[in-house]
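Each chain, letter by letter, is given below.
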Amino acid sequence: MTIRIAVIGAGLMGADHAKIVAEELPGATLQLVCDMDDQRARRVADACGAFDIATDPKGAIARQDVDAVIIASPDFTHAPLSMACIAVGKRVLCEKPLSQSSADCIAVMETEQKAGAKFVQLGFMRRYDQSYQEMKQTLDDGHLGRALMMHNFHRNVETPAADFTGAMAITNSAPHEFDVVRYVLGTEYASISAFQPRRSDARVAPVVMVLETVDGQLVNIEINNNAAYGYDVRAELIGERGAVATNNVAYTRRESALAQSTSYDADWRTRYYDAYRRQNRDFLRFVMTGEFPMTASDCWDGYCAATVAEAGVRALKEARRAPVQMIAKPEFYA
Ligand code: ISE
């Protein structure tokens, strides 16, 4: 049986997902690529050998020849399109964030609960990265003792848009950190504070956040969307008896002019190359079996990330520590 997948959105991530489905997902075929811009849909469809293109996402989701969906359209479409997938009973891998609004995430959770089964897998692909998996395993195996702190750096070469703001760093980039830290530590956040140093130019300055977990651990997160030198994501977990840090993988090392050097990735698509592929393979298994993958994020995780981000934006704006207040976790997501 072949699962026919529609990719909604033919931008950077949509093109990447289309390529993975077409070339590296045995058991799946790229049925169609949908984008409001038909030329863009056509370019990606042709490059990947998709069967068809479409410009109306809801129509594409409902098509009889589509079994499952990957949503990689702009952030504000994620929640409504996920609900459209649930409405027609199709499983969906939705790029992060589920929504930037926690209220919208609650609406998706309610729709999913009414449908009586999980339909939405969320694209927090860091959970599939070998370095975070080993970090979590090291903690779970008891090698570190009780976890005390986690330090996280998230550096991009430059912002995708010139009008990117500190708040956007929190709602767009930081959710990866919020999610993967929750995943590794197995806890929730109690509060968040956020600060920004002053840059010498008009570009968005780094955002530095300090979070406290409900278990009394401290987490700091630096989001530097204009780090200039490379895509550099690092994490260190410190326990009472040891520490573990992620390494950046460099396949080669250069020696020249009395110096040794390795290269950085330009962005997340190469840094998390394997993670995306593992994630998408798990999604295909989910579609085939109906069993939600152990590692993946669900709508509850999307809600948690959105709630922390909302509190973070408030903390930054009001220059004070903001409590993270979440609804009780529905039994359905336990
Ligand atoms: C960006 O918004 C993403 O979605 C990527 O997955 C992430 O790795 C990147 O650093 C973010 O800025």
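Criteria and cut-off values
- Note on numbering: residues in each chain are counted from 1, in written sequence order.
- Only residues with pLDDT of at least 70 get local features here, since the model is predicted, and only at 80 or more are side-chain atom pairs given and counted; chain-wide, interface and lining totals rely on the full set of residues.
- Hydrogens and water are ignored here; the side-chain numbers use all heavy atoms of the structure.
- The source of the domain bounds is an automatic or database domain assignment.
- Summed over both partners, the accessible area lost on bringing two parts together, with a 1.4 Å probe, is the buried area.
- Salt bridges are counted wherever a side-chain nitrogen of Lys or Arg sits within 4 Å of a carboxyl oxygen of Asp or Glu.
- Between N or O atoms, a polar contact is any pair within 3.5 Å; within protein, one atom must be a potential hydrogen donor and the other a potential acceptor, and residues adjacent in sequence are included only when both atoms are from side chains.
- Per the convention used, a helix needs a DSSP run of H or I reaching at least four residues, while a strand needs a run of E reaching at least two, with both numbered from the N terminus.
- Polarity classes work like this: nonpolar for Ala, Val, Leu, Ile, Met, Phe, Trp, Tyr, Cys and Pro, charged for Asp, Glu, Lys and Arg, and polar for all others, with Gly in that last group.
- Consider each residue's heavy atoms; a residue with any of them within 4 Å of a molecule or strand counts as near.
- Each pair of aromatic rings taken from Phe, Tyr and Trp, with Trp reduced to its six-membered ring, is defined by centres within 6.5 Å and is described as stacked if the planes are under 30 degrees apart, edge-to-face if over 60, and tilted in the remaining cases.
- Each ring is checked for a lysine NZ or an arginine CZ that lies within 6 Å of its centre and within 35 degrees of its normal; such an atom marks a charge sitting over the ring.
- Three labels apply to residues, based on accessible area from a 1.4 Å probe with only protein chains included: buried if under 20% of the type maximum, exposed if over 50%, partly exposed otherwise in between.
- Residue contacts are counted whenever heavy atoms from the two residues lie within 4.5 Å of one another.
- Paired strands, as defined in this entry, are two strands with at least two bridges between them according to DSSP.
- Axis definition: a line fitted to C-alpha atoms, over the contacting stretch in the case of helices. Angles run 0 to 180 degrees between N-to-C directions.
- Residues belong to a common nonpolar core when they are buried Ala, Val, Leu, Ile, Met, Phe, Trp, Tyr or Cys residues joined through side-chain atoms within 4.5 Å.
- By construction, the arc corresponds to the directions joining the helix axis to the C-beta atoms.

## Section: the domain arrangement of the protein chain
Domain annotation for the protein chain reports domain 1 (3-125 + 273-298) and domain 2 (127-267 + 307-323). For domain 1 and domain 2, the distance between their C-alpha centroids amounts to 26 Å. Across the interface of domain 1 and domain 2, roughly 1,500 Å² is buried in total on both sides, 47% from carbon and sulfur atoms. When residues of domain 1 are sorted by the area they lose upon contact with domain 2, Phe124, Arg278 and Thr295 head the list and together hold 39% of the total. Here domain 1 and domain 2 share zero salt bridges between them. Between the two partners, domain 1 and domain 2, sit 14 residue pairs in polar contact (both at pLDDT 80 or more). It is helix H9 (residues 273-289) that contributes the most residues to the side of domain 1 that touches domain 2, four residues altogether. Here the side of domain 1 that touches domain 2 is built from residues that sort into six nonpolar, eight polar and four charged.

## Considering the site of the ligand
Around the ligand sit Lys96, Met125, His154, Asn156, Asn172, Ser173, His176, Tyr231, Trp268 and Tyr276, and those are all the residues in its vicinity. His154 places a side-chain nitrogen or oxygen 2.5 Å from an oxygen atom of the ligand. At a separation of 2.7 Å, an oxygen atom of the ligand approaches a polar side-chain atom of His176. The biggest single contributor to the shell around the ligand is helix H7 (residues 166-185), with three residues. For the shell around the ligand, the residue count by class is four nonpolar, five polar and one charged.

## Section: the packing of aromatic side chains
A complete count under the given rule lists eight aromatic pairs for this structure. Following the ring pairs from residue to residue traces out a cluster consisting of Tyr231, Trp268 and Tyr272. Of note, Arg91 hangs over the ring of Phe119, and the distance from its end group to the ring centre comes to 4.6 Å. Here the guanidinium or amino end of Arg155 rests over the ring plane of Phe153, the centre of that ring lying 4.4 Å away.

## Describing the side chain of Arg155
Tracing the backbone through its elements, the reader meets Arg155 in strand S7 (residues 147-155). You can call Arg155 buried: its relative accessible area is 14%. There is a polar contact of 2.7 Å between the side chain of Arg155 and the side chain of Glu222. Among the polar contacts listed, one links the side chain of Arg155 to the side chain of Tyr229, at a separation of 2.9 Å. Aside from chain neighbours lying at most four places away, what touches Arg155 is Glu222, Asn224, Ala227, Tyr229, Gly230, Tyr231, Asp232 and Arg234.

## Describing the sheet that holds strand S12 (residues 243-245)
The seven strands lie next to each other as S12-S11-S7-S10-S9-S8-S15, forming an open sheet whose pairing is mixed. The two strands at the open ends of the sheet, each matched to only one other strand, are S12 and strand S15 (322-323). As judged from the three bridges shared by strand S11 (residues 232-239) and S12, these two strands associate in the antiparallel manner. The residue of S12 that forms the bridge with Glu236 is Ala245. Against the sheet, helix H6 (residues 130-140) makes contact with S7, S11 and S12, and its axis sits at roughly 0° relative to S11, the strand it touches most.

## Focus on the environment of Thr246
Locating Thr246 in the fold gives a position in the loop between S12 and strand S13 (254-256). Ignoring sequence-local partners within four residues, the contact set of Thr246 consists of Ser131, Tyr132, Met135, Val233, Arg234 and Ala235.

## Focus on the nonpolar core
If you look at the biggest cluster of nonpolar residues, it comprises 47 residues, and the most contacted ones within it are Met150, Phe178, Ile192, Met209, Leu211 and Leu237. Top element by residues in this core is H7. It accounts for nine residues. Residues lining this core come from more than one domain, with at least three contributed by each of domain 1 (3-125 + 273-298) and domain 2 (127-267 + 307-323). When sequence neighbours within four positions are dropped, the list of residues in contact with Met150 reads Met135, Val181, Val184, Leu185, Leu218, Val219, Asn220, Ala235, Glu236 and Leu237.

## A word on helix H2 (residues 38-48)
Along H2, the residues classified as buried are Ala41, Val44, Ala45 and Cys48. Buried positions in H2, seen along its axis, are confined to an arc of 100° and lie on one side of it. Within H2, the exposed residues directed more than 90 degrees away from the buried face are Arg43, Asp46 and Ala47. For H2, the secondary structure elements touched by its buried residues are helix H1 (12-24), strand S2 (28-34) and strand S3 (52-54). By the N-cap criterion, in which a side-chain oxygen at the helix start approaches the backbone nitrogen of a residue two or three places on, H2 is capped by Asp37, the distance to Gln39 being 3.0 Å. Immediately beyond the C-terminal end of H2, within one or two residues, lies Gly49, with a positive phi of roughly 70°.

## A word on the sheet that holds S2
A sheet is described by the order of its strands in space; here six strands give the open sequence S3-S2-S1-S4-S5-S6, paired in parallel fashion. Bordering the open sheet on either side are S3 and strand S6 (120-123), each of which pairs with just one other strand. Taking the axes of each pair of neighbouring strands and ignoring which way they run, one obtains an average angle of 25° across the sheet.

## Comments concerning the pairing of S7
Relative to S11, S7 runs antiparallel, the two being bridged by eight bridges. Paired with His154 across the bridge in S11 is Val233. When S7 meets strand S10 (residues 218-224), the two strands line up parallel, connected through seven bridges. Bridge assignment links Phe153 to a residue of S10, and that residue is Glu222.

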